[in-house]
Amino acid sequence: MFRLGKDIGVDLGTATILVTVKGKGVVLHEPSVVAVDSDTQKVLKVGEEARQMLGRTPLNITAVKPLRDGVIADFDLTEVMLKYFITKAAGNSIFAKPRVMVCVPAGITTVEKRAVEEAVYRTGAKAVFLIEEPRAAALGAGLEIFEPYGNMVIDIGGGTTDVAVLSLGSIVEKDSIRVGGNRFDESLIRYIRDKHNLMIGERTAEEIKIKIGTANLQSRNETMEIRGRDIVSGLPKTIEFTSKEAYEAMEEPIHAILRSTHKVLEKTPPELAADIMDKGIIMTGGGAMLHGLDIFLSERLGTPVVLAEDPITCVVRGTGLALEMLDIMQDTLVGSKKSG
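Notes on the structure in this doc start here. (Residues numbered from 1 in each chain as written. Predicted model: local features only at pLDDT ≥ 70, side-chain atom pairs only at ≥ 80, totals over all residues. Heavy atoms only, no water.)

1. Let's talk about the pattern of salt bridges
Throughout the structure, instances matching the rule amount to 23 salt bridges. Of the charged contacts in the structure, one is a salt bridge between Asp7 and Arg99, with a shortest N-O distance of 2.8 Å. Within this pair, whereas Asp7 is found in strand β2 (residues 7-12), its partner Arg99 is found in strand β11 (residues 99-104), the two being separated by 92 residues in sequence. Judged by relative accessible area, which is 27%, Arg99 ranks as partly exposed. Lys237 is paired through a salt bridge with Asp230; the nearest N and O atoms lie 3.3 Å apart. Looking at Lys237, the relative accessible area reads 26%, which means it is partly exposed. Here the salt bridges share partners, and the residues they tie into one network are Asp7, Lys22 and Arg99. (Salt bridge = Lys/Arg side-chain N within 4 Å of Asp/Glu carboxyl O. Helix = DSSP H or I, 4+ residues; strand = E, 2+ residues; numbered from the N terminus. Buried < 20%, exposed > 50% of the residue type's maximum accessible area, 1.4 Å probe, protein only.)

What follows is the structure, given as structure tokens:
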């Protein structure tokens, strides 16, 4: 057992939690799920082990997602989940009251900020700092945000999409909408229920999204078999589902992301907009990996749109970089706060 560096970065995502430790990089990547015994309220499993229970639990066991739309929906379960992940990230090490930086959506409210800070402090943190997800994402994607020219990032997480233009280390324009990868899944579930009278679960919807889902029908036209429960008969049923149907199902959230990006570009000062036209827009987050989304946005915005390298870890890697630059960034961090 030994003392580990005191800086920890957490990407507190609606769908997944990622943790980075100073000097070690990203050490944990697990689903934001907690399995609870509804009779005793006892927490049974956290993370990947809890995710495996989704849709497959006995009546007395509930698989709960304590974060919704990028913010805390269940405070107590979020605290339990954070303690579990921070302890697991430490491994055989002992944290000496770490400083913790947490990523939050750009549109987070003051009440929601306090909830995050309080939950993290109760895990034993010495100091808590909050950083907006698009700023962390831009850092993690390798953008030179401290230079005097415009950079633009679209961070599509599980519960939110944050769009921001950055210059000189700060956010110049931003928009945050509660649309992300989870909304894609929900749209697929609803579409298949309404059109095919078939009930499917979240895991099946995510599989459809990854395997045949697209935002650009010209570059993907595939089919897959989907199994679920027939709403009318109540019996198991299998259908063929196409990429075209997947696009139709997800069209509304895809266009919501387009509208948010367009809104930010409209408000961006001309000089910075010109920089963005030259350099393009960077997409990060797991939701950004939807097939063809970069092409869809680029064609409609008239601007190059590029998917960042390893988009899922951009935010947490950027958080690690922000921790290393804490001295120069502290005054501009959201809700910067210290305790003894």
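2. Things to note about unusual backbone geometry
If you check the backbone angles, Gln41 has positive phi at about 65° while not being a glycine. Mapped onto the elements, Gln41 comes out in the loop between β5 (34-37) and β6 (42-46). By relative accessible area, Gln41 is classed as exposed at 55%. Of note, Leu168 is a non-glycine position whose phi angle comes to about 55°, a positive value. Tracing the sequence through the fold places Leu168 in the loop between β14 (161-167) and β15 (170-177).

3. A look at the packing of aromatic side chains
All told, the structure shown has 2 aromatic pairs when counted by the stated rule. When the centroid spacing of 6.0 Å and the interplanar angle of 75° are considered together, the rings of Tyr191 and Phe241 count as edge-to-face. Of this pair, Tyr191 sits in helix α5 (residues 181-196) while Phe241 sits in strand β18 (residues 236-242), and the two are 50 residues apart along the sequence. Note on Tyr191: relative accessible area 16%, which makes it buried. For Phe241, a relative accessible area of 0% corresponds to the buried category. (Phe/Tyr/Trp six-rings, centres within 6.5 Å; stacked < 30°, edge-to-face > 60°.)

4. Quick notes on empty space enclosed by the protein
Any space left empty among the atoms is revealed by the rolling of a water-sized probe across them. Under the definition given, this model contains 1 cavity of 30 Å³ or more. In terms of lining residues, the largest cavity is bounded by Leu12, Leu67, Gly70, Val71, Ile72, Cys103, Val104, Pro105, Ile108 and Val116. Mapped by element, the contributors of at least two residues to the lining of the largest cavity are β9 (71-72) and β11. Of the residues in the lining of the largest cavity, the class split is 9 nonpolar, 1 polar and no charged. (1 Å grid on protein atoms, 1.4 Å probe; cavity = no way out; pocket = protein on both sides within 12 Å on 5 of 7 lines; lining within 4 Å. Points joined across faces, edges and corners; volume = space filled by probe spheres on them. Nonpolar A, V, L, I, M, F, W, Y, C, P; charged D, E, K, R; others polar.)

Geometry only, nothing functional implied.
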